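Descriptive analysis of the structure
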Amino acid sequence: MSDAIAVLLFIGVIAYALFGGADFGAGFWDLTAGGAARGSKPRQLIDTSIGPVWEANHTWLIYCLVMLWSAFPTAFAAITTTLYIPLGLAVLGIVLRGAGFAFRKSSMRTPEQRIYGATFALSSVLTPYCFGSVAGGIASGRVPTGGNGDPLGSWNNPTSVLGGVLAVSVCAYLAAVYLTVAARQNGSPRLEAWCRRRALLAGIVTGLISLAGVFLLRADSPRLFHQLSHLGLPLLIVSALSGLLSLFLLGRKNTFALRMLAALAVATVVCGWGVAQYPYLLGTHLSIAEAAAPTATLWVLASVAGAAGVLIAPSLAALYILQNRGKLESRQ
């Protein structure tokens, strides 16, 4: 039962990486779009693309937090008392990002728009980096079972830096692919070419970072490296092939396959991390069974997750479908 709950928890992690990650990546391209005149079209596309869904995507983060502290309270306490600095920065980034995005759209003067836009864009980079560094600290075994670990070294180490940089690059890649599809659907060839070039660049950079990370993990996190190169290897191969195929399809018209391949490339990387950690929650110690709450609590969580799937998932699916078809643009 504890393994089943861990799988349900990890489904939420994957969903947040795919949907929330694309939103964060859009902020990265907002940051690098250029000045007010040169970057106006890309920023308008970004606002139109993420406007209807940017709040809904954080539903997955709340789901993950509730599942973690309810099902695995020991692990939750250890993580939050050790990695409270990057987690706090991530929360700050989410709040500032939302405020910046909302106020920029309602501001009339250019100087104010620039301030709010910079807040939105910089927070969109800070937050995924912090989440990636948290994942790196957990995966490398730097969070002690009793908590209260090194508040600086736990997330400022080679594996955490790799996780943070990789998270930012993956988010940028996902967002560029999704924006390419959005520009194509809007009938904007020049904007589509702008997004396609950035998707290609982000995909190549992400691949290079991943290759360099292999050597880094071998030196800094030997267990993680071993598990990724054995149990997680099939997933990493699928991720690499999906990423390459998505880059090949950037110039083709099959938008559905393009998005699915990009999502599969990211999802399998996240799954690889989960497989590499199994059966431990904290990378090298504290197994899922040891950290699990009483069985009665796990059954309640399974029931709640099932109810959420029946009641909430269709609503989110309808939101994403309407947004993809441009039915929500008039409400922006």
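Going along each chain's sequence as written, the residues are numbered from 1 onward. The predicted nature of this model means local features are confined to residues of pLDDT at least 70 and side-chain atom pairs, given and counted, to a pLDDT of 80 or more, with totals for whole chains, interfaces and linings taken over all residues. Only hydrogens and water are set aside when side-chain values are computed; all heavy atoms of the structure are taken into account.

**Comments concerning the overall build of the protein chain**
Along its length, the protein chain carries 14 helices and zero strands. Only DSSP runs of H or I reaching four residues or more are called helices, and only runs of E reaching two or more are called strands; each is numbered from the N terminus. The linear arrangement of helices and strands in the protein chain, starting from the amino end, is α-α-α-α-α-α-α-α-α-α-α-α-α-α. Put simply, the radius of gyration uses C-alpha atoms, and a globule should come to 2.2 Å times the residue count raised to 0.38. A compact globule built from 332 residues should have a C-alpha radius of gyration of about 20 Å, and the protein chain, at 20 Å, falls within 12% of that. For the C-alpha atoms alone, the extent of the protein chain along its principal axes is close to 55 × 40 × 35 Å. Buried positions account for 47% of the 332 residues belonging to the protein chain. Per-residue accessibility takes into account occlusion by the displayed protein chains alone, with areas from the Shrake-Rupley method and a 1.4 Å probe. A total accessible area of about 15,600 Å² is found for the protein chain, and carbon and sulfur atoms account for 71% of it. Burial status follows relative accessibility: with a 1.4 Å probe on protein chains alone, a residue under 20% of its type maximum counts as buried, one over 50% as exposed, and anything between as partly exposed.

**Here's the deal with a nonpolar patch on the surface**
Every patch collects residues that have over 30% relative accessible area and no salt bridge, joining them within 9 Å if they carry like charges and within 5 Å if they are nonpolar side chains (Val, Leu, Ile, Met, Phe, Trp, Tyr). Throughout this description, the term salt bridge denotes a Lys or Arg side-chain nitrogen within 4 Å of a carboxyl oxygen of Asp or Glu. Judged by side-chain polarity, L233, L236, I237, L241, L244 and V269 come together as a nonpolar surface patch covering roughly 490 Å² of accessible area. In terms of residue count, helix α10 (residues 233–248) provides more of the nonpolar patch than any other element does, five residues in total. Among the secondary structure elements, L244 is positioned in helix α10.

**So, unusual backbone geometry**
The linkage connecting Y278 with the following residue, P279, adopts the cis geometry, with an omega of 5°. Phi is positive for N148, close to 55°, though the residue is something other than glycine. Classification of N148 by relative accessible area gives exposed; the value is 62%. The backbone of L286 shows a phi angle near 60°, a positive value even though the residue is not glycine. Counting through the fold element by element, L286 comes out in the loop between α11 (255–277) and α12 (288–291).

**With respect to the packing of aromatic side chains**
Two rings belonging to Phe, Tyr or Trp (six-membered ring only in the last case) form a pair when the distance between their centres is within 6.5 Å. Interplanar angles under 30 degrees mark stacking, angles over 60 mark edge-to-face geometry, and anything in between is tilted. A full pass over the atoms with the stated rule returns eight aromatic pairs. On the basis of an interplanar angle of 70° and a centroid distance of 5.7 Å, the ring pair of W69 and F76 is categorised as edge-to-face. Residue W69 is classed as partly exposed on the basis of its relative accessible area of 42%. What makes F76 partly exposed here is its relative accessible area of 22%.

**A word on the pattern of salt bridges**
Between side chains of opposite charge, a pair can form as their charged atoms come close. For the coordinates displayed, the defined rule picks out four salt bridges. With a shortest N-O distance of 3.3 Å, R43 and D30 are connected by a salt bridge. Here the residue R43 occupies a position in helix α2 (residues 40–50), and D30 occupies one in helix α1 (residues 2–31), the gap between them amounting to 13 residues. For the pair shown, R43 and D30 are each scored as buried. When salt bridges that share partners are traced, they join R184, E192 and R196 into one network.

**Focus on the packing of α2 against helix α5 (residues 84–106)**
For helices, the fitted line uses only the C-alpha atoms of the stretch in contact; every axis is such a line through C-alpha atoms, and the angle between N-to-C directions lies from 0 to 180 degrees. Between α2 and α5, the shortest axis-to-axis distance is 12 Å and the interhelical angle comes to 115°. When you trace α2 past α5, the crossing you get is left-handed. Side by side, α2 and α5 meet where R43, D47 and I50 of the first sit next to R97, F101, R104 and K105 of the second. Crossings are classed by handedness, with left-handed meaning an anticlockwise turn of the near helix from the far one by less than a right angle and right-handed meaning a clockwise turn. Any two residues whose heavy atoms approach within 4.5 Å at even a single point are treated as in contact.

**Some details on the packing of helix α3 (residues 59–71) against helix α13 (residues 295–311)**
Following both chains from N to C, one finds α3 and α13 inclined at 165°, their axes separated by 10 Å at the closest point. It follows that α3 is roughly antiparallel to α13 by the angle criterion. The crossing of α3 and α13 is left-handed. Together, Y63, M67, S70 and A71 of α3 and T297, L298, L301 and A305 of α13 make up the contact between the two elements. Under the grouping applied here, Gly and all other residues not named as nonpolar or charged are polar, the nonpolar ones being Ala, Val, Leu, Ile, Met, Phe, Trp, Tyr, Cys and Pro and the charged ones Asp, Glu, Lys and Arg. Looking at the contact of α3 with α13 residue by residue, the class counts come to six nonpolar, two polar and no charged. We call two directions roughly parallel when the angle between them is under 35 degrees, roughly antiparallel when it is over 145, roughly perpendicular when it lies between 65 and 115, and oblique otherwise.

**Quick look at the side chain of S124**
Following the sequence through the fold, S124 ends up in helix α6 (residues 110–139). Classification of S124 by relative accessible area gives buried; the value is 1%. Setting aside chain neighbours within four positions, we find S124 in contact with F24, G27, F28 and R97.

**Examining the environment of L126**
Looking at the element boundaries, L126 is found in helix α6. According to the relative accessible area criterion, L126 is partly exposed, its value standing at 33%. With 85 residues separating them in the primary sequence, L126 and L211 have C-alpha atoms 23 Å apart. Those residues in contact with L126 that lie beyond four places of it in its chain are L89 and G93.

**Considering the environment of P294**
As for its position among the elements, P294 is in the loop between α12 and α13. The sequence separation of P294 and A71 amounts to 223 residues, and the corresponding C-alpha distance is 8.2 Å.

Note that every value here comes from positions in space, so none of it alone points to a role or purpose.
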